[in-house]
Amino acid sequence: MTLAIHTESLSKRYRRHLALDDCTLAIPDGRIVGLVGPNGSGKSTLLGLASGMIAPTSGSIEVLGQRPAVSADQLARVGFVAQDAPVYSRLTVTDHLELGARLNPKWDQAFAERRIRERGLDLKQKAGSLSGGQRAQLALTVAAAKRGELLVLDEPVAALDPLARRGFMRDLLDFVDELEVSVILSSHLLGDLAQVCDHLIVLANGRVHVSGDVSDLLAVHYRITGRAGDPYRLPADAELIHTENSRDESSVIVRSTSPIPGAEAVDLEDMTLAYLTRATTTGPVGPTAAMTGADR
Ligand SMILES: Nc1ncnc2c1ncn2[C@@H]1O[C@H](COP(=O)(O)OP(=O)(O)OP(=O)(O)O)[C@@H](O)[C@H]1O
């Protein structure tokens, strides 16, 4: 199986701060990967390492089977849009497309022009006077028109209004079909990610808390809801991810490879929030007094 990104014990330290800590990931080709985590959890660092903008402190990373940015060929295979959608403010939209054509051997001018037209951008306008959302659209167009095999997008929808965001997510699905490209994108907007992602990585405190194909992950996560204090039964291999208690009701999210009778399925948002809460909550995780797993 070809891996879009493969890391082994990947770590990145900025002076004394360990931004990424011993991350091992195997992301198959052809996926739209959602990268989720609290502020400062290491998402941009991981994406910077994947694009070759920064180098690891220890461990290894391969992108499409090679070290990131190891050659001009490898650079051409990866399109990267950094968090602030950097563009050249004195250059016009047309200048950006011309520059893209000069720098990228597989540049797709027809795709770039079509997308700019569909987004309503003025070809003659200087990038410095575009709105934040328009700049994000320009940066994404340039990255996609490279016709690489992997698009690395750091919070691509952060500057977009809700309609543009929805359009962007739809676009992304079309892109992936049309350009046959893998995508990894970070975002805090779980609802948006749920619409498009088929692979998920949850990072917190620089560590990977869960990763895998969304369908595989959802198949092994369950919610058990009951009256506070009622006992519930868990299979021996079950891992308790998150517990929520109200006065009368208790709800737990559990990972288990064995089916749990009476449990409900979870969606991507619930599952991700459960891991994020667990990762950012101090203290031991486990059933509380309200709803116990005593007869486990
Ligand atoms: N160049 C740098 N020098 C020193 N520390 C850095 C540098 N870049 C990032 N960090 C630190 O590394 C940690 C991870 O940062 P990173 O930008 O990867 O997080 P993030 O998950 O992308 O955050 P956000 O959601 O806020 O964008 C943070 O604590 C940050 O302060």
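Note that the structure is a prediction, hence the values are computed from the model and not measured.

**Thoughts on the confidence of the model for the protein**
Model confidence for the protein is summarised by a mean pLDDT of 89, while 95% of its residues fall at 70 or above. Residue range residues 283–296 is modelled with pLDDT below 50. Its contacts to residues more than four positions away, or to other chains, number 30 contacts. Our summary of model confidence lists the complex with pTM equal to 0.90 and ipTM equal to 0.98.

**Comments concerning unusual backbone geometry**
Positive phi values are uncommon outside glycine, yet R15 reaches one of about 45 degrees. When you line up the elements, R15 lands in the loop between β1 (3–14) and β2 (17–28). Within the chain, A69 stands out as a residue other than glycine whose phi angle is a positive 55 degrees.

**Looking at the site of the ligand**
All residues in the neighbourhood of the ligand are listed as Y14, H17, A19, G37, N39, G40, S41, G42, K43, S44 and T45. If you tally residues by element for the shell around the ligand, the top one is helix α1 (residues 43–51), at three residues. Of the residues contributing to the shell around the ligand, the split by class is two nonpolar, eight polar and one charged.

Conventions we followed
Residues numbered from 1 in each chain as written. Predicted model: local features only at pLDDT ≥ 70, side-chain atom pairs only at ≥ 80, totals over all residues. pLDDT = per-residue confidence, 0-100. Contact = placed C-beta atoms within 7 Å. Helix = DSSP H or I, 4+ residues; strand = E, 2+ residues; numbered from the N terminus. Near = placed C-beta within 6 Å. Nonpolar A, V, L, I, M, F, W, Y, C, P; charged D, E, K, R; others polar.

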